[in-house]
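What follows is each chain in one-letter form.
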Amino acid sequence: MNTNISPTKGNLLALKKSLSLAETGYDLMDRKRNILVREMMRLIDKANKLRGEIDETYETAYLALQLANITLGVCDTIAQSVPVEDGISITIRSVMGVELPTVALNTEDAAGICYDFGSSNASFDEAYISFYKVKLMLVDLAEIENSVFRLAVAIRKTQSRANALKNIIIPNMTGNIASITEALEEKEREEFSRLKVIKRNKEREASF
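Description of the structure in this document. (Residues numbered from 1 in each chain as written. Predicted model: local features only at pLDDT ≥ 70, side-chain atom pairs only at ≥ 80, totals over all residues. Heavy atoms only, no water.)

## Notes on helix α1 (residues 9-72)
Thought 1: The end-to-end C-alpha distance of α1, which contains 64 residues, comes to 90 Å, matching closely the 94 Å that a straight helix rising 1.5 Å per residue would cover.
Thought 2: Among the residues trailing α1, G73 stands out with phi positive, at a value near 90°. (Helix = DSSP H or I, 4+ residues; strand = E, 2+ residues; numbered from the N terminus. Expected span 1.5 Å × (residues − 1).)

And the structure:
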């Protein structure tokens with residue numbers, strides 16, 4: 001509570017207006033926090049499911065690659081024909097003012113087969129396609145995990161601001177309003193008493 005605020009009607013009106021804005025701000029922040037939390041939990045569930053799919057696909061890929069190495073020999077030469085991935089693009093979307101990334105991979109040419117089929121077999125093809133699927137899923141996972149991190153930071157900031165409004169700013173304003181109201185009421189009572197005294201004095205003077 002700020003004891004330096006003058007107990008005037010103008011200050012009282014200004015404080016009431018500020019209190020209304022602070023309460024509206026708290027409601028909006030609380031609503032924003034709830035929306036961000038729901039979005040973060042949705043993404044966490046999606047990430048957990050995606051990690052399970054990645055583990056399963058990795059297992060399939062490595063088993064196929066192991067079989068390919070057994071049947072074809074070490075596949076280093078074929079692997080060197082696979083180009084470095086440079087088709088990733090990142091755009092930004094906004095959720096309640098929080099910027100979240102959208103990561104996309106250029107999926108032209110489907111599985112991106114870029115080696116001689118004559119030098120491979122079905123096991124190597126399965127390994128290649130499985131690793132390609134993992135790459136697509138890792139792109140999605142990177143987007144989700146980055147979004148979860150950004151949402152967590154935004155939630156923490158929003159919660160901190162909401163707590164400051166609820167526990168500090170709004171109670172201080174409420175206390176100041178109560179103090180000014182009490183002071184103004186006391187001033188009005190004193191003024192009323194003073195006017196009564198003046199009126200009685202005038203009545204006495206008029207009776208003489």
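What follows picks up the thread again.
## Focus on the pairing of strand β1 (residues 88-95)
On a regular strand, one side chain projects to one face of the sheet and the next to the other, so that they alternate.
Thought 1: In this structure, β1 lies alongside strand β2 (residues 98-105), joined through eight bridges in antiparallel fashion. Following the sheet pairing, V95 is matched in β2 by V98.
Thought 2: The hairpin formed by β1 and β2 contains two residues between the paired strands, and M96 there has a positive phi angle of roughly 55°. (Pairing = 2+ DSSP bridges.)

## Side note on the nonpolar core
Thought 1: With 17 residues, the main nonpolar core has L36, L50, I54, V98, I144 and L151 as its most contacted residues.
Thought 2: Those elements that provide at least two residues to this core are α1, β2 and α3 (122-207).
Thought 3: In terms of residue count, α3 provides more of this core than any other element does, eight residues in total.
Thought 4: Residues within four places of L50 in sequence aside, it is in contact with M137, D140, L141 and I144.
Thought 5: Core analysis: the second largest hydrophobic core is formed by 12 residues, L19, Y26, A162 and I177 among them. (Core = buried A, V, L, I, M, F, W, Y, C linked by side-chain atoms within 4.5 Å. Buried < 20%, exposed > 50% of the residue type's maximum accessible area, 1.4 Å probe, protein only. Contact = heavy atoms within 4.5 Å.)

## Observations concerning the pattern of salt bridges
Thought 1: In the structure shown here, the tally under the stated rule is five salt bridges.
Thought 2: Put simply, E39 and R93 hold a salt bridge, and the shortest N to O gap is 3.7 Å. Of this pair, E39 sits in helix α1 while R93 is found in strand β1, placing the two residues 54 residues apart along the sequence.
Thought 3: With a shortest N-O distance of 2.7 Å, R51 and E145 are connected by a salt bridge. Remark: E145 occurs in helix α3 and R51 occurs in helix α1; sequence separation between them is 94 residues.
Thought 4: By relative accessible area, E145 is classed as partly exposed at 37%.
Thought 5: Put simply, E39, R42 and R93 are held in one network by salt bridges that share partners. (Salt bridge = Lys/Arg side-chain N within 4 Å of Asp/Glu carboxyl O.)

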